[in-house]
2 protein chains.
Amino acid sequence: MGKGTLYIVSAPSGAGKSSLISAMLETNPTYAMKVSVSHTTRGMRPGEQDGVHYHFVQKELFEELIEQNQFLEYAEVFGNYYGTSRVWIEENLDKGIDVFLDIDWQGARQIREQMPLAKSIFILPPSNGELERRLNTRGQDSEAVIAKRMAEAKSEISHYSEYDYVIVNDDFDNALMDFKAIIRAERLKHDKQAAKYKGMLDALLAE
Amino acid sequence: MGKGTLYIVSAPSGAGKSSLISAMLETNPTYAMKVSVSHTTRGMRPGEQDGVHYHFVQKELFEELIEQNQFLEYAEVFGNYYGTSRVWIEENLDKGIDVFLDIDWQGARQIREQMPLAKSIFILPPSNGELERRLNTRGQDSEAVIAKRMAEAKSEISHYSEYDYVIVNDDFDNALMDFKAIIRAERLKHDKQAAKYKGMLDALLAE
């Protein structure tokens, strides 16, 4: 059994990243895949489950984990910590499980430095008009609110070329097929196949 | 329009390489793809067409092309030259066409040196037993002939790890899906997408 691959997935809000990752996990039961679950010190909200939505931990423990260099990246937002556990990810990769890490371009840079074998995917909306339509989901947001979201989206988009792969989410089914093709192709890289087919290769090459 | 990708495809006899390449071209009419057509100085055989099976040229012209460094690789076999034209391949890549180059591991090494952006794919048979069955196609070859083919196949297989991707051709449809996933994923690499969606990206990133 070879190691799994860590996939860094980034996108501006409105590009459909979460829907694509969910659809990927639902429609690919034969592949071993998981979404990375972050650690946080914020309180659990109704409907949330520990270990599913977040690993909920106390602030003291989080700061201890920071000191032990257990996070691939972390950030403090409004007094709460959020971080990506190196141990959790490596345990899953060692089991041959591919892990998806949903993170912005800044987090992606930190992860790439520490996990150079990670592959990164950026998801783009098909146009400004469509992006604006998707960002104005409730159809009643103020122009100022939408303008702010658009500016944030453009800032994220400006980093697309730092990623290995770029998917344009115009047609959802087509974008999902792109996503699946990337995962399938990465599993065909020679080192992954050498691990998966070790016994067969040994037999093929035996005298 | 971005540039096409050169795919080096190698396999031992009996792995199903030609069938996979043919099926790929037939079932993917929306992708621009071609198989590289070699130059040769040997005579045309009944049923062969110039420019389809080979580019048939005179020995004097071939040697002139060698001197002009027009071949990515060439070899002399039983007094006839066979070679892969750099110009033909680059013209097609420039048009955004993916080119498949069916070649052995030695030719693959020469191509990789001169075309570092080429991607390479190795196709494996699923087992020795299946390989032997496929090599004994007429069911009446002598043991010595089959043993010689098996030895050649093993020699080729021993170079599989020099390739970017490895496909195991156990189930043909599955192997074809692997092949398609590789081509699709390579077209999602950020530089290919940046070229394909240049107008859209410029608009997304405009102030």
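Every value quoted in this text rests on a predicted model; they were computed, and no experiment measured them. (Residues numbered from 1 in each chain as written. Chains lettered and ligands numbered in written order. Predicted model: local features only at pLDDT ≥ 70, side-chain atom pairs only at ≥ 80, totals over all residues. Heavy atoms only, no water.)

**Student:** So what about the packing of aromatic side chains? Which residues, and what values?
**Tutor:** Residue and element names in this part refer to chain A. Inspection of every chain in the model, using the stated rule, returns 20 aromatic pairs over all chains. Taking 4.3 Å as the distance between ring centres and 20° as the angle between the ring planes, the aromatic pair formed by Phe62 and Phe71 counts as stacked. For the pair Phe62 and Phe71, one class covers both residues: buried. Ring geometry for Phe71 against Tyr74: centres 6.3 Å apart, planes inclined by 50°, an arrangement best described as tilted. (Phe/Tyr/Trp six-rings, centres within 6.5 Å; stacked < 30°, edge-to-face > 60°. Buried < 20%, exposed > 50% of the residue type's maximum accessible area, 1.4 Å probe, protein only.)

**Student:** Which residues make up the interface of chain A and chain B, and what values go with them?
**Tutor:** How big an interface is tends to be stated in terms of the accessible area lost upon association of its parts. With 36 residues of chain A in contact, the opposing surface of chain B contributes 35 residues. When the buried surface of chain A facing chain B is broken down by residue, Arg184, Leu188 and Leu204 of chain A rank first, second and third, together holding 21% of it. In this assembly, chain A and chain B are joined by 2 salt bridges. Of the charged contacts in the structure, one is a salt bridge between Arg184 of chain A and Asp178 of chain B, with a shortest N-O distance of 2.7 Å. The tally of links from chain A across to chain B stands at 16 residue pairs in polar contact (both at pLDDT 80 or more). Of all the secondary structure elements, the ones that give two or more residues to the side of chain A that touches chain B are α6 (143-157), β9 (165-168), α7 (172-186), α8 (190-196) and α9 (198-205) of chain A. For the side of chain A that touches chain B, the element with the highest residue contribution is α7 of chain A, accounting for 7 residues. In terms of residue class, the side of chain A that touches chain B is made up of 23 nonpolar, 7 polar and 6 charged. (Contact = heavy atoms within 4.5 Å. Buried area = accessible area lost by both parts, 1.4 Å probe. Salt bridge = Lys/Arg side-chain N within 4 Å of Asp/Glu carboxyl O. Polar contact = N/O pair within 3.5 Å; in protein donor to acceptor, adjacent residues only side chain to side chain. Helix = DSSP H or I, 4+ residues; strand = E, 2+ residues; numbered from the N terminus. Nonpolar A, V, L, I, M, F, W, Y, C, P; charged D, E, K, R; others polar.)

**Student:** If you had to explain the sheet that holds strand β6 (residues 80-85) of chain A to someone new, which residues and values would you point to?
**Tutor:** All names here are of chain A. Judged by pairing direction, the sheet is mixed, and its 4 strands sit side by side in the order β4-β3-β6-β5 without closing on themselves. Strand pairing shows two members of the sheet lacking a second neighbour, β4 (55-56) and β5 (71-77), which therefore form its edges. Where strand β3 (residues 39-40) and β6 come together, 2 bridges link them in antiparallel fashion. Considered in β6, the bridge of His39 is made with Gly83. Across the sheet, helix α3 (residues 86-94) touches β4, β5 and β6, and the angle it forms with β6 is around 25°. (Pairing = 2+ DSSP bridges. Axes fitted to C-alpha atoms, helices over the stretch in contact; angles between N-to-C directions.)

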